[in-house]
Each structure stands twice: as C-alpha cells, then as structure tokens.
Amino acid sequence: MFIDLLLCIVGLVLLVYCADKLVEGASNLALNFGVSKLVIGLTIVAAGTSLPEFVVSLNSSIKGNPALSLGNVVGSNIMNIALILGITALIKPISCTKAMVKRDVPIMIIVTGLVWYMAHTDAIITPNEALILIALFVAYNIMNYKIGKKEGEAEASTAPENPEEEEKLPSTWFNVLCIVGGLIGLVLGSECLVRGSVSIAKYFGVSDEIIGLTLVAIGTSLPELATSIVAARKGQSDLAIGNVVGSNIFNLLAIVGTAAVVPMF
C-alpha cells in the first residue's frame, strides 16, 4: 500500500512539473519558429499528449481488438471536451480566438462526422479509408503550419519591440528538449498514477470493469488534463484549448487511421 501511495504521489508531481515545462517549451518554440501558439497547441502539444491513446489503440489493433481501439479514441475525445475543457474552464476562463471558433472547431466536428460515417457504413473502417484519414491529418498539419506562420508574423508586427526579451528567449533546441522531456514525463507520470491507483482500488475490492471504465480511461487523458490546466493558469489560452481540439483531431485522423491501416501489413 505504501509503495502504491508513493507511486501516486510521484505520478502527480511528474504530471504537474512536466506539464509546466511542456507549456513553457511550447510557448517559446512558437516564438522561435514565428508561428502562433494556437498552432503549436493544435499540433505538437496535442500529438504529444495523445501518446497514451495512440499506444493503447495501436496495441489493441495489433492484437485484433479494433472495437477497443476505436472505443478508446471515442472515450478520450468525450473526456477531452466534457471533463478536461470543463475542469480547465472552471479553474480559469479560457478565451477562444476567432480562428479556433471559425476554423479548428468546425474541422473537428467535420472530422468526427467523417469517422462516424466510415464506421457506420458496413460497421468497419477499411484500410483505404484509413489512408484517407492519415492523408487528411498530414494536410491539416501543413495547413496549420502555413496559417500559423501568417498569424505569427501578424502577432509579431503588433507586439511591442523588446530586444531584452528576445535575447532572453531560450534556443530552439532547448525548447524542443523541454517539450520532449515534458511529454515523456507526462506519460511516465500518468503511468505511475494509474498503476498506483489501480493497485489501491484492487486492495479495496473494486472490480476490474469499474477500474477500466474509470481509472484507466481517465489515466490516458491525464497528460491533456495536466497540460491544459497549467496552460490556462499561465494565461496561455491558445495552448490550453488548442491542446484539447488538436488532440481530438489527432485521435480521429492519426490514431484511428494508423490503427485501421495496421491490418494491411
């Protein structure tokens, strides 16, 4: 029991600390590349925090359990919008840019409808449909980078010049290191927390079904939760909401696409 409690504490500490470093690195990286913070949240941060879902879905597909693979994505997306966005907004109100409301959220809704249509027809997502999803994911990221460049230049032109702040800005490699280290720490932290929590729950006689529906489901969404909360507290609303919307798009296009194309090999 003591080791399980220690695992939970270590997991929480890792989540908070690594989420802080991830947000800091992502924010500075946006300045390094001259793109908007929203785009960094929608792409790099969103993909990174969705790694647990990616591993679970890919592993399920390889083991011949596609239903669990798709269910993990659907459950994660619901968790992102209902729980993570809700908790984050309760802690600190999140401002939504016009680009998010008019571009990225509608894209998320359209992609959700597309995946639903693919799954609804013949009750299967074929490898060919999976390739379409992956192609759309690549196109979405290219579009985001190009638009992010323009938005970043617009933000830079309207921001007051401050040479001292530019000199203090960490290098690109240091920010990439912060992001990679933060993502690894988030995955390890969520793993520690889930393992400790599951052991404690079993100690008190909680069934495997309840543990799977609650602790494991929430556990794969802990990186998104920690990152969005820290981003909101730091006043980085673009990263907070971009992480949620971007994670949903990544889940539907990249994870479902990859999991469905695996049977081809």
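Reading the values: the criteria
- Residues numbered from 1 in each chain as written.
- Predicted model: local features only at pLDDT ≥ 70, side-chain atom pairs only at ≥ 80, totals over all residues.
- Heavy atoms only, no water.
- Patch = residues over 30% accessible without salt bridge, like charges linked within 9 Å, V, L, I, M, F, W, Y side chains within 5 Å.
- Areas by Shrake-Rupley, 256 points an atom, 1.4 Å probe, with all protein chains shown as cover.
- Salt bridge = Lys/Arg side-chain N within 4 Å of Asp/Glu carboxyl O.
- Helix = DSSP H or I, 4+ residues; strand = E, 2+ residues; numbered from the N terminus.
- Axes fitted to C-alpha atoms, helices over the stretch in contact; angles between N-to-C directions.
- Parallel < 35°, antiparallel > 145°, perpendicular 65-115°, else oblique.
- Left-handed = near helix turned anticlockwise from the far one by under 90°.
- Contact = heavy atoms within 4.5 Å.
- Expected span 1.5 Å × (residues − 1).
- Buried < 20%, exposed > 50% of the residue type's maximum accessible area, 1.4 Å probe, protein only.
- Core = buried A, V, L, I, M, F, W, Y, C linked by side-chain atoms within 4.5 Å.

**Student:** Can you break down a nonpolar patch on the surface residue by residue, with the values?
**Tutor:** On the surface, a cluster of nonpolar side chains totalling about 540 Å² of accessible area is made up of Met 1, Leu 5, Tyr 203, Phe 204 and Val 206. Summarising the element assignment, Leu 5 is placed in helix 1 (residues 2-33).

**Student:** How would you summarise the packing of helix 10 (residues 222-233) against helix 11 (residues 237-261) if you had to cite specific residues and measurements?
**Tutor:** A pair of packed helices can be characterised by two numbers: the angle between their axes and the separation between those axes. Where helix 10 meets helix 11, the closest approach of the two axes is 6 Å, and the angle between their N-to-C directions is 155°. Judged by the inter-axis angle, helix 10 sits roughly antiparallel to helix 11. Here helix 10 and helix 11 pass one another in a crossing that is left-handed. Along its contact with helix 10, which presents Glu 224, Thr 227, Ser 228, Ala 231 and Ala 232, the element helix 11 presents Ser 237, Leu 239, Ala 240, Asn 243, Val 244 and Ser 247.

**Student:** Hey, could you go over helix 10 for me, with residue numbers and the actual values?
**Tutor:** Compared with the 16 Å implied by 1.5 Å per residue over 12 residues, the 16 Å span of helix 10 between its first and last C-alpha is a close match. Among the 12 residues in helix 10, 11 count as buried, and that is most of the element. Looking only at helix 10, the buried set comprises Leu 222, Pro 223, Glu 224, Leu 225, Ala 226, Thr 227, Ser 228, Ile 229, Val 230, Ala 231 and Ala 232. Gly 235, located one to two residues past helix 10, shows a positive phi value of around 80°.

**Student:** Provide a residue-level description of the nonpolar core, including the pertinent values.
**Tutor:** If you look at the biggest cluster of nonpolar residues, it comprises 28 residues, and the most contacted ones within it are Ile 40, Leu 186 and Leu 239. Those elements that provide at least two residues to this core are helix 1, helix 2 (37-49), helix 8 (172-203), helix 10 and helix 11. No other element matches helix 1, which puts nine residues into this core. Not counting residues up to four positions away in its chain, the partners in contact with Leu 239 are Val 23, Ala 26, Ser 27, Lys 37, Ile 40, Gly 41, Val 45 and Ala 231. Among the nonpolar cores identified, the runner-up in size contains 27 residues, and Leu 38, Leu 133, Leu 252 and Ala 260 belong to it.

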